[in-house]
Amino acid sequence: MMPSGSGTWRAIQDRLGEHPSLPAAQGRIEAIDLARGVAIALMILSHTVSGLLGIDQVPDWGMVPIHLLTKFSSSLFIMVFGIALAVAFLPRTDAADWPQRRLKLLLRGVEVLFWYKVLTVVEMLPAFPVADIVDTLLFQRSAIWVEILGFYAIALLWLPWALPLWRRMPLWSRLVSPLAIALLAGWLERHFDFWGIEPLKAILVEDDDHYTWGQLSRLPLVMLGLLIGEAVLRCRERDALRRRLVPALAAVGTAMLLGFVAVSLPGLDAALRAMAHNAGKHPPELAFMLFSLGGALVILALCLFGDAQAAARLKPIVVIGSDALKAFIFHIVVIFGLLRWLLKGWQVYSYPQVLGAGILLIPATALWIGLTRWIKARV
């Protein structure tokens, strides 16, 4: 017998009001490491080209499509951060050992903050005077290529306190929160001056004069990752849900990419070139987010669809994704410390040479992580 209309509505209300009841993940989920690894690999390509050559020197065929595709990396990286929090920590927020796990996250945040400051020096040393570097270390200025690590560090210092609250929120509020926070961050960025403290505004909601990743302006991506992470945990227990999750992510991502096309017409070619040049990236604008997040969702869907089989075929990418901090440290040191500073490599090489260096740096990063693990296992 088909349920009545009132019964169906009551079932929907019950579902929207439910709190997450999540199974704990058993070991690492390689599809998540693969997605994170893809984000970092795209980031390595982007940083190599912009750090050794400069975007203005890239030929048109390099900007679109090659450099254009790297715009998926930031949204994918932040979204996978939220997924990892959901998978590894969200099911345990009501456990007796949660204070210890929260402390682990906080200490990780301190560690990332330390390396963020070290890598700020490495990035700026080839091109900036000491006074500018000191100002940046004191949050008076911002760097460029390492700023996403700063977002990650600061987020790890406050998100552990918010995870139990997220766990207690009903489903409807968890679904609404990303959009509500995005609208709030956009309003604050446009209409509130944060008492004239420009660095504070840059850290929280971004500012035109700073290349930062705002805690509030990018928080919706983390929240989206938390929601997807909940679904991933359920999918590992129920195949039927998993068969729905991957097509749903792919469909939403494709719809966002089509939305980018729609808002860009009739000047799509110009919009693609502007996107490759980071138009609308800081602070985030609608067109950029449609493109970047749409592509990120499609990549995530492909990684989840491939699962263990794809992870086995793309092992170097999985290795990079399994230790994001070490991968980030290595490629920044190589690009800015070795190639740009010690070897004076700024705008010395052609675009094909720089692109080739970026491609080679991806497996080199995986080899470095593997070597350090091998040494650690034998010490």
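From a predicted model like this one, the values you see are computed outputs, not experimental measurements.

Novice: Outline the overall build of the chain, supporting the account with residue identities and numerical values.
Specialist: A count of helical and extended segments in the chain gives 16 helices and zero strands. For the chain, whose C-alpha radius of gyration is 21 Å, the value lies close to the compact-globule estimate of 21 Å for 379 residues. Judged by the C-alpha coordinates and their principal axes, the chain covers about 75 × 60 × 45 Å. Residue burial in the chain is summarised as follows: out of 379 residues, 51% are buried. Intrachain contacts of the chain at a sequence separation of at least 6 include 82% that bridge at least 24 residues.

Novice: Lay out the nonpolar core in plain terms, naming residues and giving numbers.
Specialist: Core analysis: the biggest nonpolar cluster contains 110 residues, and Leu76, Met79 and Leu300 have the highest contact counts within it. Sorting elements by how many residues they give to this core places helix 13 (residues 286–313) first, with 14 residues. For Met79, the contacting residues outside a window of four places in its chain are Leu221, Leu224, Gly225, Ile228, Leu293, Ala296, Leu297 and Leu300.

Novice: So what's going on with a nonpolar patch on the surface? Which residues, and what values?
Specialist: A contiguous nonpolar surface patch, about 450 Å² in accessible area, is contributed by Leu125, Leu338, Trp341, Leu342 and Leu343. Turning to its location among the elements, Leu338 is positioned in helix 15 (residues 324–342). We classify Leu338 as partly exposed; its relative accessible area is 38%.

Novice: Let's hear about the side chain of Asp207: which residues, and what values?
Specialist: Secondary-structure assignment places Asp207 in the loop between helix 9 (198–204) and helix 10 (215–237). Judged by its relative accessible area of 9%, Asp207 falls in the buried class. Dropping the residues within four chain positions of it, Asp207 is found in contact with Glu198, Lys201, Ala202 and Pro283.

Novice: Tell me what's going on with the packing of helix 3 (residues 60–69) against helix 12 (residues 268–276), and back it up with residues and numbers.
Specialist: Where helix 3 contacts helix 12, the axes come no closer than 9 Å and their chain directions differ by 50 degrees. What the angle tells us is that helix 3 and helix 12 run oblique. Considering only the axes of helix 3 and helix 12, their crossing is left-handed. Taking contact as the criterion, the partners of Met63, Val64, His67 and Leu68 in helix 3 are, on helix 12, Leu272, Arg273, Met275 and Ala276. Of the residues that constitute the contact of helix 3 with helix 12, the class distribution is six nonpolar, one polar and one charged.

Novice: Mind laying out helix 14 (residues 315–322), listing which residues take part and the relevant values?
Specialist: For helix 14, the full list of buried residues reads Ile317, Val318, Val319, Ile320 and Gly321. Where helix 14 is buried, its residues touch helix 2 (30–52), helix 13, helix 15 and helix 16 (351–378).

Novice: Before we move on, can you summarise the packing of aromatic side chains with the specific residues and values?
Specialist: Going through the model one piece at a time under the given rule, you end up with 12 aromatic pairs. Seen from the ring of Phe139, Lys117 lies directly overhead, with NZ or CZ sitting 3.5 Å from the centre. Between the NZ or CZ atom of Arg340 and the centre of the ring of Trp346, over which it lies, the distance is 4.0 Å.

Novice: I'd like a description of the pattern of salt bridges, backed by residues and values.
Specialist: Throughout the structure, instances matching the rule amount to 11 salt bridges. Residue Arg101 pairs with Asp97 through a salt bridge whose shortest N-O separation is 3.0 Å. Residue Asp323 is joined to Lys326 by a salt bridge in which the shortest nitrogen-to-oxygen separation is 3.6 Å. The network of salt bridges with common partners includes Arg28, Asp33 and Arg36.

Novice: Give me the lowdown on helix 3, citing residues and values where you can.
Specialist: For helix 3, the complete set of buried residues consists of Gly62, Met63, His67 and Leu68. When helix 3 is viewed along its axis, its buried side chains cluster within an angular range of 145 degrees and face the same direction. On its buried face, helix 3 sits against helix 2, helix 12, helix 13 and helix 16.

Novice: Account for the UniProt feature "domain: Heparan-alpha-glucosaminide N-acetyltransferase catalytic" (unreviewed entry) in the chain, with residues named and values stated.
Specialist: As annotated by UniProt and renumbered to match this structure, "domain: Heparan-alpha-glucosaminide N-acetyltransferase catalytic" (unreviewed entry) occupies residues 28–220. As a span, residues 28–220 carries 73% helix and 0% strand, and end to end its C-alpha atoms are 24 Å apart.

Novice: Help me get a handle on unusual backbone geometry, residues and values and all.
Specialist: Residue Val64 is joined to Pro65 through a cis peptide bond whose omega torsion reads 15 degrees. Note on placement: Pro65 falls in helix 3. The peptide bond linking His282 to Pro283 adopts the cis configuration, its omega dihedral lying at -10 degrees. Relative to the assigned elements, Pro283 resides in the loop between helix 12 and helix 13. Notably, Phe194 is not glycine yet its phi reads approximately 55 degrees, a positive angle. Its location among the elements puts Phe194 in the loop between helix 8 (171–191) and helix 9. We classify Phe194 as buried; its relative accessible area is 5%. The phi angle at Gln347 is positive, at roughly 55 degrees, despite the residue not being glycine. Relative to the helices and strands, Gln347 resides in the loop between helix 15 and helix 16.

Novice: With reference to specific residues and values, describe the side chain of Glu230.
Specialist: The residue Glu230 is located in helix 10 in this model. A distance of 3.0 Å separates polar atoms of two side chains, one belonging to Glu230 and the other to Arg174.

Novice: Break down a negative patch on the surface for me, with residues and values.
Specialist: A grouping of Glu198, Asp208, Asp209 and Glu285 is seen on the molecular surface, where their side chains present a negatively charged patch. Relative to the elements of secondary structure, Glu198 occurs in helix 9. On the accessibility criterion, Glu198 (37% relative accessible area) is partly exposed.

Each value, and the rule that gives it
- Residues numbered from 1 in each chain as written.
- Predicted model: local features only at pLDDT ≥ 70, side-chain atom pairs only at ≥ 80, totals over all residues.
- Heavy atoms only, no water.
- Helix = DSSP H or I, 4+ residues; strand = E, 2+ residues; numbered from the N terminus.
- Rg over C-alpha atoms; globule rule 2.2 N^0.38 Å.
- Buried < 20%, exposed > 50% of the residue type's maximum accessible area, 1.4 Å probe, protein only.
- Contact = heavy atoms within 4.5 Å.
- Core = buried A, V, L, I, M, F, W, Y, C linked by side-chain atoms within 4.5 Å.
- Patch = residues over 30% accessible without salt bridge, like charges linked within 9 Å, V, L, I, M, F, W, Y side chains within 5 Å.
- Areas by Shrake-Rupley, 256 points an atom, 1.4 Å probe, with all protein chains shown as cover.
- Salt bridge = Lys/Arg side-chain N within 4 Å of Asp/Glu carboxyl O.
- Axes fitted to C-alpha atoms, helices over the stretch in contact; angles between N-to-C directions.
- Parallel < 35°, antiparallel > 145°, perpendicular 65-115°, else oblique.
- Left-handed = near helix turned anticlockwise from the far one by under 90°.
- Nonpolar A, V, L, I, M, F, W, Y, C, P; charged D, E, K, R; others polar.
- Phe/Tyr/Trp six-rings, centres within 6.5 Å; stacked < 30°, edge-to-face > 60°.
- Lys NZ or Arg CZ within 6 Å of the ring centre and 35° of its normal.
- Arc of directions from axis to C-beta.
- UniProt positions renumbered as here; feature names shortened; annotations may be inferred.
- Polar contact = N/O pair within 3.5 Å; in protein donor to acceptor, adjacent residues only side chain to side chain.
- Lys, Arg positive; Asp, Glu negative; His and termini not counted.
- Charge placed at Lys NZ, Arg CZ, Asp CG, Glu CD.

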